[in-house]
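# Fold and contact review
Here is how the chains run, residue by residue.
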Amino acid sequence: MEREAALDRVEAIIDAVDEGPMPVPVREVWVYGDVALGLDPIERLDVYVTKDLLMRSDDPDAAAEFERSHGVNGVGKSVSAEWAREYPELLRANDNGYAAPEKCLAAHLLPDDEPIHLEVCNAPFDRNVRQRLQSALDRGAHEQVLDPRGVQLYGEGQRAAETMAKLRNGELPFPTLSGALEMLGVDEDEATDIAEAMASYRERQEGATVRGDVV
């Protein structure tokens, strides 16, 4: 993926978040990994969004309505009824038939045919980096580590225009992945193993992918 095209896609994602409506409120948008390093081209574009939970139903009649029409539970509870009424074709469910916020966000924000990975979590990027690292170390699932080299481009309704300009110009310095992991307390050999496992896992991914996480 050409770097300029990737960053244009990020701008389009931020536009969509800013303009709304979204399936769930989006508080932050980050990019991380290859695009943050200034590489051109990049193998995949990695985007992280911090979402908020819906605190109450925004339409008490929506759940039953969309269960009848789409076979999807939880509209108005796990995803916004306002959004679902405007974008019913983008409504996605998990294996239990319940509206899945991360899948709905991916359907709304990502083209299917572009090499983009979307991470969706209720926690900020830097907090989830440490949470995922510890979990991956405990389970020996090195490929599930979240690359800590991230750049925040949107937060609390504000765009980081200056940061985006620096990102486009390749002005943001970052260490190697193994070096970044060592800065988080991982020993050198294991950091190298993690970096290799992550690279191998990424090579096997195709098209748009999404992962939802709760911390």
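Heads up: the structure comes first, above all this text.
### Quick word on the nonpolar core
Counting 31 residues, the largest nonpolar core has Val47 and Leu105 as the members making the most contacts within it. Within the residue set of this core, elements represented by two or more residues are α1 (3-19), β1 (26-32), α2 (34-37), β2 (45-51), α5 (101-109), β3 (116-121), β4 (150-155) and α7 (161-168). In terms of residues, this core owes the most to one element, α1, which gives 7 residues. Non-local contacts of Leu105, meaning those with residues more than four positions away in its chain, are made with Met22, Pro23, Val24, Val26, Val49, Leu118 and Val120. The next biggest cluster of nonpolar side chains, apart from the first, holds 12 residues, and it includes Ala62, Val75, Ala81 and Cys104.

### What about α5?
Considered for burial, the residues of α5 that qualify are Pro101, Cys104, Leu105, Ala106, His108 and Leu109. Contact partners of the buried residues in α5: α1, β1, β2, α4 (81-86), β3 and β6 (209-213).

### Remarks on the layout of surface pockets
Taken as a whole, the largest pocket encloses approximately 480 Å³ of empty space. Lining of the largest pocket is provided by 26 residues; of these, Asp46, Glu143, Met198, Tyr201 and Arg202 occupy positions nearest its centre. When contributions to the lining of the largest pocket are tallied by element, the ones reaching two or more residues are β3, α9 (188-203) and β6. The element contributing the most residues to the lining of the largest pocket is α9, with 6 residues. Across the lining of the largest pocket, the residue classes break down as 9 nonpolar, 5 polar and 12 charged. Every residue along the wall of the second largest pocket is listed here: Trp30, Phe125, Asp126, Val129, Pro148, Arg149, Gly150, Pro175, Ala180, Met183 and Leu184. When residues in the lining of the second largest pocket are grouped by element, the largest group, 3 residues, is from helix α6 (residues 125-139). Across the lining of the second largest pocket, the residue classes break down as 8 nonpolar, 1 polar and 2 charged.

Analysis parameters
- Residues numbered from 1 in each chain as written.
- Predicted model: local features only at pLDDT ≥ 70, side-chain atom pairs only at ≥ 80, totals over all residues.
- Heavy atoms only, no water.
- Core = buried A, V, L, I, M, F, W, Y, C linked by side-chain atoms within 4.5 Å.
- Buried < 20%, exposed > 50% of the residue type's maximum accessible area, 1.4 Å probe, protein only.
- Helix = DSSP H or I, 4+ residues; strand = E, 2+ residues; numbered from the N terminus.
- Contact = heavy atoms within 4.5 Å.
- 1 Å grid on protein atoms, 1.4 Å probe; cavity = no way out; pocket = protein on both sides within 12 Å on 5 of 7 lines; lining within 4 Å.
- Points joined across faces, edges and corners; volume = space filled by probe spheres on them.
- Nonpolar A, V, L, I, M, F, W, Y, C, P; charged D, E, K, R; others polar.

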